[in-house]
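The primary structure of each chain is shown beneath.
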Amino acid sequence: MSEVKLAAETRTEFGKGAARRIRREAKVPAVVYGHGTEPVHITLPGHELLLALRTPNVLLTLDIEGKTELAIPKAVQRDAIKGSLDHVDLLLVKRGEKVTVEVFVQTEGELAPGSFLVENVLNTLTVEAEATHIPESVTVSIAGLEAGASIHAKDIKLPKGTTLAIDEDAVVIQVLSAQAEEPAAEGETAGDAAAEA
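Computed from a prediction, not measured in an experiment: that's the story for all the values here. What you see as residue numbers is a count from 1 along each chain, following the sequence as written. Whole-chain, interface and lining totals are the exception, using all residues; otherwise, since this is a predicted model, local features are given only for residues with pLDDT of at least 70 and side-chain atom pairs are given and counted only at 80 or more. Note: side-chain values were computed over all heavy atoms of the structure, leaving out hydrogens and water.

A. Layout of helix H1 (residues 16-24). Three labels apply to residues, based on accessible area from a 1.4 Å probe with only protein chains included: buried if under 20% of the type maximum, exposed if over 50%, partly exposed otherwise in between. For helices the rule is a DSSP run of H or I covering at least 4 residues; for strands it is a run of E covering at least 2, with both sets numbered from the N terminus onward. Those residues of H1 lying buried are Ala18, Ala19 and Ile22. Relative to the axis of H1, the buried residues are bounded by an arc of 100 degrees and lie together on one face. Summarising the geometry of H1, the exposed residues directed more than 90 degrees from the buried face are Lys16 and Arg24. Here the buried face of H1 lies against strand S2 (27-34) and strand S3 (37-45). Taken from the residues just after H1, alanine 26 is the one with a positive phi, measuring 65 degrees. Along the arc lie the directions from the helix axis toward the C-beta atoms. Contact criterion: two residues are considered in contact whenever any of their non-hydrogen atoms come within 4.5 Å of each other.

Dropping the structure here:
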């Protein structure tokens, strides 16, 4: 798990106008909350934060005007068109503390020969892990699987210290038969069928 240090500044201005000004300065408005404390409104350096958030469940070490806090991203709002960061909610964590997070499920290996498809029923797996040892992802082998096979949450090998936080019988991946395309009606080409639609 990667840890990124960011310098944060507290902010006292709120609302859309203040947020726009912050973003024009290449910074991102954020809120830090947790551990029964009052939420702290801060600004973070935009580029550094964007790079840090490329790592799922990144651990952030925030220097908030001389006080160091550990936090993980809880909610990230992005501009729908530009993809830039609009706002980030961060959750305070402590070393040794267990947190519940979602980690990406990745597959490896080749299915058995034939026309089979892999369906990711769940793209992420909800797990509980120590705040400073959150896995970036979990990898599942689909090698040799055929139609009808499924992998449940309990079948996935988790890193040491990480436990499931969802129903262990939840289906994560299943293998399906590929559907054959319906043949075009006699004397009709694929182009004719599309023109009629």
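B. Representation of the side chain of threonine 126 in the model. Looking at where threonine 126 falls in the secondary structure, it is placed in strand S9 (residues 124-130). Classification of threonine 126 by relative accessible area gives buried; the value is 18%. The residues contacting threonine 126, other than those within four sequence positions of it, are Thr100, Val101, Glu102, Leu164, Ala165 and Ile166.

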